[in-house]
Amino acid sequence: MALGPERLAGRQTWHTRTLFALSAPSGPACLMTQSFSELQLSPKLARAVAEMGYENMTPIQAQAIPVVLQGRDVMGAAQTGTGKTAAFSLPLLQRMMKHENASTSPARHPVRALVLLPTRELADQVAEQVKLYAKYTELRSTVVFGGMDMKPQTLELKKGVEVLVATPGRLLDHIEAKNCVLNQVEYVVLDEADRMLDIGFLPDLQRILSYLPKQRTTLLFSATFSPEIKRLASSYLQDPVTIEVARSNATASTVEQHFYRVDDDDKRQTLKQLVKERGITQAFVFVNSKLGCARLARSLEREGLKTTALHGDKSQDERLKALDAFKQGQVDLLVCTDVAARGLDIKDVPAVFNFDIPFNAEDYVHRIGRTGRAGASGLAVSFVNARDTRLMADIEKLIGKKFELEALELEADKRPAGRFNDGQRAWRQDAAQDDEGQRDIRAARSAREGRSEREDRRPARAPRPPADPLFDKPYEPSTPADVKPAWEQQAQQRPSSRVASPNIKTRKKVPALFKPAAPEAHPQPETQPG
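Everything numeric here is computed off the predicted structure, so don't read it as measured data.

Side note on the overall build of the chain
Part 1 of the argument: Helices and strands together make up the secondary structure of the chain, namely 16 helices and 16 strands.
Part 2 of the argument: Among the 530 residues that make up the chain, the fraction classed as buried is 44%.
Part 3 of the argument: Residue pairs at least 24 apart in sequence account for 73% of intrachain contacts in the chain once pairs closer than 6 positions are excluded.
Part 4 of the argument: As displayed, the chain offers around 31,300 Å² of accessible surface, 51% of which is attributable to carbon and sulfur atoms.

Here you go:
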């Protein structure tokens, strides 16, 4: 039994059990659509979907695809890993099939769908998915993002593309360079919309939307929607349909979450112990700072773990190589900042470690969404110290669940004898060397005490003789003040001519070849007698 739409706060909201058929000409139909084979997709799109192994739709796909095919604006909230990319890509490609043509003219392939994403990695991933969906069609797609040379991107844009996937900053660069024209855009997708509409992206987003036609379909998809973001997004959508397949800001039920109380000095050892005890083959390790990410990756690498770092200071090539190595299983631990927290779809990642509790509670939902994707089970482990009380309270308030802090008994740290550096500023020693050092300190202290006792036993020195009163008198000059001293008198008696140094050669006198002409005498003019 299908439920009708409800009017709520000027928007139209459907319950999660209400699914619509693609053939509904107007208004939602009351048919259940759960399989991709039931969708009335183009044969070319259906072939690509079948080859990718898609059979049953996820809740967000089952509800969003029919609504998008009707040309409605959508605000979709779903957990990470539930297939939001297919939820907007497939209906947009289906609606653009009427514009499909095999012409080589760029004018026949204008940009009709614009997909904006917050990170380069997510943009590259979505572009790959769109190409797989449209590989049997004549629809073209490309991706532009920063950190790469603009020339290859410009060449692709000049050829003409129907689907453009981009990050806001690089898209503005191409718009200012007049490499792309957006006056025929029919569909705009803001993926990870909460970050896109964040205060840092809002100015760029407003500039981009100013270049687009007023009549368009706008889709917003994200795992989290705060009330402020909903009010802000309402200005960009026209009578949107809000689809929430799960409670807002909820985490996947297939992810097992654990919180351990760990001091900062013991976090690295705790991480190694949990990886060993649970037999974890691959995992994300999230930290809050780029510097901490690089340091932790180097430290784990020195201890024999296959580790690589992913953060914003790395070049785009380095970031893509790190992701490829992790996807291919060449790396066990991917130490990263929140640049990898949103949207990355890497299959069969069994665990996520929050080495640092995120400053933003919504980032926790995105972080643990990297595991337990597509219904698979996952493990999320967070290390909590005494300073994370407020951050933990924010996470519990967002998720609506109280977490218990667990205690973990660490194994004895088996380290080689000698001095070692555990990544902290101070050097430490093992217990044996600590005892030996204490003995040395005690021996040195007793030696000083014995020397002071010997000094006390020495005989007292004899008293000093009385001082000579001659040396205590003030200075008295032996000559009167008007008489010059002898050294000044000798200086006045010396000849005034300076004797040249023997190392300086005297200038030779050379006879003149010509005598200087005598100055001509100018005769005085005679004055005439008046």
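Some remarks on helix α8 (residues 202-210)
Part 1 of the argument: If you check which residues of α8 are buried, you get L202, L205, I208 and L209. The buried residues of α8 all sit within an arc of 125 degrees when viewed along its axis, so they share a single face.

Some thoughts on unusual backbone geometry
Part 1 of the argument: Phi at K178 takes a positive value of approximately 60 degrees, unusual for a residue other than glycine.
Part 2 of the argument: Examined against the element boundaries, K178 turns out to sit in the loop between α6 (168-176) and β7 (187-191).
Part 3 of the argument: For D239, which is not glycine, the phi torsion reads 45 degrees and is therefore positive.
Part 4 of the argument: With respect to the helices, strands and loops of the structure, D239 is situated in the loop between α9 (227-233) and β9 (241-244).
Part 5 of the argument: On the basis of relative accessible area, D239 is assigned to the partly exposed category, the value being 40%.

Describing the pairing of strand β12 (residues 307-310)
Part 1 of the argument: Of the two faces of β12, the one holding T307 and A309 and the one holding T308 and L310 are both buried throughout.
Part 2 of the argument: With 4 bridges connecting them, β12 and strand β13 (residues 333-336) associate as parallel partners. Residue pairing across strands places A309 opposite V335, the latter belonging to β13.
Part 3 of the argument: For the crossover from β12 across helix α12 (residues 316-327) to β13, the handedness is right-handed.

Conventions and cut-offs
- Residues numbered from 1 in each chain as written.
- Predicted model: local features only at pLDDT ≥ 70, side-chain atom pairs only at ≥ 80, totals over all residues.
- Heavy atoms only, no water.
- Helix = DSSP H or I, 4+ residues; strand = E, 2+ residues; numbered from the N terminus.
- Buried < 20%, exposed > 50% of the residue type's maximum accessible area, 1.4 Å probe, protein only.
- Contact = heavy atoms within 4.5 Å.
- Areas by Shrake-Rupley, 256 points an atom, 1.4 Å probe, with all protein chains shown as cover.
- Arc of directions from axis to C-beta.
- Pairing = 2+ DSSP bridges.
- Right-handed = clockwise from strand over helix to strand, strands pointing away.

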